[in-house]
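Commentary on secondary and tertiary structure
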Amino acid sequence: MKWINRILLICLLFCMVGCLYLIFGYAPVEKTMGVVQKIFYFHLSSAWIGFFAFFVVFISGVAYLYTRGERWELMALASAEIGFVYTTIVLITGSLWARSIWNTWWSWDPRLTTTFVLWFIYLAYILLQGLRGKVENRARLAAVYGIIAFINVPMVFFSIRWWRAIHPVVITGTGFGLPGGMLDTLLFCLLTFSILYLYLLNLRYQGLKLVREIDELKETVNNIRRRI
C-alpha cells in the first residue's frame, strides 16, 4: 500500500498549491462579506468530506456485521477519526466566519447545533472503540453504534430546511448557486480535501492494523509465559 500513499501524497501537494492559488488569487471577493468569505471554501469542503467519512463508517459497520472482517472494523475507526477532525475544522471555521458575519462566535442555529451534536456522537464512537474487553464484542457494538449514529448526518444537512435558521442555504435545487470563479474554486477544494481524506485513511488504516498485530503478538507472548 506504500505506492498508493506516495501517489496520493504527490497529487495532494500539487492540489494544495492549486487550491490555495484558486482561493486567494483566482476566486472573486464576495461583495457583501468581503475577503472573510474565503473561509467558505475550507468550511464547506470540510463539511462534505466529514459527511462522507461518516458514510464510510456506516458502510463499514454494515460490512463488518455481515462478514465479521477485521479490516472493516479498522476502516470504520480510521474513517471516524478523520471525519471527527474534519468536523472539528467545520466548527472552528464556522465560528470564525460567524464572528465576522453575525458578530458572534456561536449561535444555536439548527445547522450549528446539529453539527455540534454530530461532533459529540462520533467522539463517543471513538471512545467506544478504545474500551477494553473482548475485541469481537467491542467491534460488534461499535458497528451497530456507527450505523445508528449516521442518522444525524442527514439531519445536519436538512436542518436549515426543516427549521427556521440564519445559516445560508448554499446548495439549492438548481445547484450551488455560485458564480463561475467561486464554483470552480469550490469544486477543486472538494477534490483536494477528498485526496487528503484518502491519504489519511490509508495511512491511519495501516497504523491501526499494525497496532492490532502488535497487540496480538503481545497476547501470544503472554500466553506462552503463563504456560512456562
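Structural data are supplied above this passage.
Here's what I pulled together on the structure shown here.

Cut-offs used in this document
Residues numbered from 1 in each chain as written. Predicted model: local features only at pLDDT ≥ 70, side-chain atom pairs only at ≥ 80, totals over all residues. Heavy atoms only, no water. Helix = DSSP H or I, 4+ residues; strand = E, 2+ residues; numbered from the N terminus. Buried < 20%, exposed > 50% of the residue type's maximum accessible area, 1.4 Å probe, protein only. Contact = heavy atoms within 4.5 Å. Areas by Shrake-Rupley, 256 points an atom, 1.4 Å probe, with all protein chains shown as cover. Lys, Arg positive; Asp, Glu negative; His and termini not counted. Charge placed at Lys NZ, Arg CZ, Asp CG, Glu CD. Patch = residues over 30% accessible without salt bridge, like charges linked within 9 Å, V, L, I, M, F, W, Y side chains within 5 Å. Salt bridge = Lys/Arg side-chain N within 4 Å of Asp/Glu carboxyl O. Core = buried A, V, L, I, M, F, W, Y, C linked by side-chain atoms within 4.5 Å. Phe/Tyr/Trp six-rings, centres within 6.5 Å; stacked < 30°, edge-to-face > 60°.

1. Overview of the overall build of the chain
Looking only at helices and strands, the chain features seven helices and zero strands. Mapped in sequence order, the helices and strands of the chain form the string α-α-α-α-α-α-α. The dimensions of the chain, computed from C-alpha atoms along their principal axes, are 75 × 40 × 30 Å. Here the chain, with 228 residues, has 43% of them falling under the buried criterion. Put simply, 76% of the contacts in the chain that link residues at least 6 apart link residues at least 24 apart. Total accessible area on the chain is roughly 13,100 Å²; 70% of this is exposed by carbon and sulfur atoms. Both charge centroids of the chain, one from 21 positive and one from 11 negative side chains, sit 2 Å from each other.

2. Examining a nonpolar patch on the surface
A grouping of Phe52, Phe55 and Ile59 is seen on the molecular surface, where their side chains present a nonpolar patch of about 260 Å² in accessible area. Note that Phe55 resides in helix 2 (residues 39-67).

3. Looking at the nonpolar core
In terms of nonpolar packing, the biggest core is built from 19 residues, with Phe54, Val57, Leu118, Tyr122, Tyr125 and Val153 touching the most fellow members. Contributions of two or more residues to this core are made by helix 2, helix 3 (70-101), helix 4 (110-129), helix 5 (135-149) and helix 6 (152-162). Element by element, the count of residues in this core is highest for helix 4, at seven residues. Aside from chain neighbours lying at most four places away, what touches Tyr122 is Phe54, Val57, Phe84, Gly146, Ala149, Phe150 and Val153.

4. Quick look at the packing of aromatic side chains
In total, this model carries 14 aromatic pairs according to the counting rule given. With a centroid separation of 6.3 Å and 20° between ring planes, the pair formed by Phe55 and Phe58 is classed as stacked. In this pair, Phe55 and Phe58 both sit in helix 2, three residues apart, roughly one turn of the helix.

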